[in-house]
Amino acid sequence: MKNKIRHLLFLSVILFSVASCIDDKGNYDYTEIEDAIVEIQEVKENGGKISRDRYAELSFNPEIQYQAGSSVDDYNFEWSLYTQQSQKDDDDAYIPKKIIGDKPQLSYKLIDEPDKYYVVLKVTHKETGSCTDYRFELNVNSMAGWLIYDEVAGGDGDFQIIRDREIVPELSSIQTGIVRNYFSTANGGKKLQGGKFLGRRNMNNRYDHLYLFKEDGMYKMKAGTYEVITEDYSTLFSTQPAKNAPMALYYPSPMYGQVEVFVNNNEMYTIRWNMLGQEDKYTTPIGAFGTAYKVNPFIAPVPVTGNTVRAVLYNDISNARGQFITINSSGAAGFPRTPDGKFNTGAINMNESMQLKLEYLGQGRDGITCALFKDELNAGKFSLYTADFRDVSKPLALEIYDLGDLQDIDDAKYFTFGTRGDVLFYATTSKVYSYVFDGAVTELLSTPGEEIVSMKLYTHSANEDYSGRMLFVATYDGSVGKVYKIKFNELNGQLDGEIEEYTGFGRIIDMMNKE
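Before going into details, it helps to say that this report is about the structure given with it. (Residues numbered from 1 in each chain as written. Predicted model: local features only at pLDDT ≥ 70, side-chain atom pairs only at ≥ 80, totals over all residues. Heavy atoms only, no water.)

Description of the overall build of the protein
Thinking step 1. Broken down by element type, the protein carries three helices and 39 strands.
Thinking step 2. For the protein, the share of sequence-separated contacts (at least 6 apart) that also reach a separation of at least 24 residues comes to 51%.
Thinking step 3. Looking at the protein as shown, the accessible area adds up to about 24,700 Å², and 46% of this sits on carbon and sulfur atoms. (Helix = DSSP H or I, 4+ residues; strand = E, 2+ residues; numbered from the N terminus. Contact = heavy atoms within 4.5 Å. Areas by Shrake-Rupley, 256 points an atom, 1.4 Å probe, with all protein chains shown as cover.)

Structure, rendered in structure tokens:
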């Protein structure tokens, strides 16, 4: 009796485990059926979850233990892929699983959009119908890394992406390296033309866009896939501007508020994303009495939370005195004045004996605003002004630094500021320097025979180890482009480790971190 009970229990288990894999032919004279045993080492080591980048090759050679007396020829194989959340097509029908292989080994190019998927390998015995379903989770990632837009001699441009664990912390070892020509891969071989600067909007899944702006136009892409959405610049505006001339774009992380700032033709536009029903279009430029305010082509972020300033701009185009302009959390412009401070943020040129012209504007330590000026009445002498606009009601003019004696500063073409310390980085065509405010100058890099063509600071919303602690410098020797990754001490601006080099690019036009 006990043996009969055990036999019935065993049959119940078998029926439950293979119910989806064996056709019921009305024969209930069951015998014990052994299923094949499947194991993939990478899946096992990662707890049943793996990740790959889009367009990567998904390749596996699983270890399979077949039934006694059976071999690979006795089985059918099916690899399938489906999303973890059910999705419907345009006809409101659920999207079925996608068959991606019919052999024991898998080699499949991941053309599927970034998402979370299940991968299933079904191993079915041809004669008995016994079946093993081996399932694991697959995260198909958007291509993150240090994004480079470069052009070859003929003018064709593309995206190259540098990836390592300092740039993208969550990468596995097989995901590191340089991904070449990613734009053309994502767009059927199409190339870019005439790019000027990169930009990013990351509002939500619907409004997650990557931009390459041109002198009078743009490429607007899906940030997750890099696929072009449109090249029609007019789609950015509900009221068309008098001239198409994109100059700067800033959209902060949602944790710092949802106000987007854009400069076109020296006029500033905002989108307040936290307003109900807000569309992804700029209306009219900010101004008064029908006249738009003019601004220089720079936006200094102010990444702080609360009801405060989101970004800072500057105007010495229509205002000879020069004034800082702030954008608050409502997307409105402010004109802070500090007449009793070390300088007046509403009138940098306090009298006719001063003629400071803005050379560069950027974010400094902890959201401080830093502005580099050239004195046109004093042989272009450089000076640095710092101000704190984080509190809307209490603008502060902080310090003025005389930079006239800094090594090679008169030849500098590229600038950026540290965001974790009071450091200015500046580059000539062949050298890079760091300057601690009111302190020492350090030469970080010399590139004889290579022209420096770009310099950018690495920032990342979640990478505390390296955000604000790495500098990327691009060079060109007339035929080949190169990128240097420089790690530095955020407080003194000095080198912190070996400089790394990446080569094999065209002439690099712009760079940014793509999260």
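Read on for the rest.
Regarding the environment of lysine 190
Thinking step 1. One can find lysine 190 in the loop between helix H3 (182–186) and strand E13 (192–193).
Thinking step 2. For lysine 190, a relative accessible area of 33% corresponds to the partly exposed category.
Thinking step 3. Separated by 38 residues in the primary sequence, lysine 190 and valine 228 have C-alpha atoms spaced 9.9 Å apart.
Thinking step 4. Setting aside residues no more than four positions away along its own chain, lysine 190 makes contact with Phe183, Ser184, Tyr219 and Glu231.
Thinking step 5. Here glutamate 231 takes part through its side chain, which lies 3.1 Å from a polar atom of the side chain of lysine 190. (Buried < 20%, exposed > 50% of the residue type's maximum accessible area, 1.4 Å probe, protein only. Polar contact = N/O pair within 3.5 Å; in protein donor to acceptor, adjacent residues only side chain to side chain.)

Some details on the nonpolar core
Thinking step 1. Core analysis: the largest hydrophobic core is formed by 36 residues, its most contacted members being Phe324, Phe373, Leu403, Phe415, Leu424 and Tyr426.
Thinking step 2. If you list the elements that add at least two residues to this core, you get strand E24 (309–315), strand E27 (356–363), strand E28 (369–375), strand E29 (381–388), strand E30 (396–402), strand E31 (414–417), strand E32 (423–427) and strand E33 (431–436).
Thinking step 3. If you look at the next biggest cluster of nonpolar residues, it comprises 33 residues, including Tyr458, Ala474, Tyr484 and Tyr502. (Core = buried A, V, L, I, M, F, W, Y, C linked by side-chain atoms within 4.5 Å.)

Describing the pairing of E31
Thinking step 1. Burial along E31 is two-sided: the residues Tyr414 and Thr416 and Phe415 and Phe417 are all buried.
Thinking step 2. Here E31 pairs with E32 via four bridges, running antiparallel. Counted as the bridge partner of phenylalanine 417 is leucine 424 from E32. (Pairing = 2+ DSSP bridges.)

Focus on the pairing of E29
Thinking step 1. Of all eight residues in E29, seven are buried, a share of seventy percent or more.
Thinking step 2. Bridge analysis of E28 against E29 gives seven bridges, and the strand direction is antiparallel. Within E29, the position partnered with lysine 374 by the bridge is phenylalanine 382.
Thinking step 3. In this sheet, E30 lies alongside E29 in antiparallel orientation, the contact comprising six bridges. Within E30, the residue paired with leucine 384 across the bridge is tyrosine 401.

Considerations on the pattern of salt bridges
Thinking step 1. As enumerated under the stated definition, the model contains 32 salt bridges in all.
Thinking step 2. Between glutamate 490 and arginine 469 there is a salt bridge, and its shortest N-O distance comes to 2.7 Å. With glutamate 490 in the loop between strand E37 (481–487) and strand E38 (500–505) and arginine 469 in the loop between strand E35 (451–457) and strand E36 (470–476), this pair connects stretches of sequence that are 21 residues apart.
Thinking step 3. Residue class for glutamate 490 comes out buried when judged on its relative accessible area of 16%.
Thinking step 4. The salt bridge involving glutamate 500 is made with lysine 487; its shortest N-O contact spans 3.9 Å. One end of the pair, glutamate 500, is in strand E38; the other, lysine 487, is in strand E37, and 13 residues separate them in sequence.
Thinking step 5. Judged by its relative accessible area of 15%, lysine 487 falls in the buried class.
Thinking step 6. One continuous salt-bridge network, built from bridges that share partners, spans Asp164, Glu166, Lys485, Lys487 and Glu500. (Salt bridge = Lys/Arg side-chain N within 4 Å of Asp/Glu carboxyl O.)

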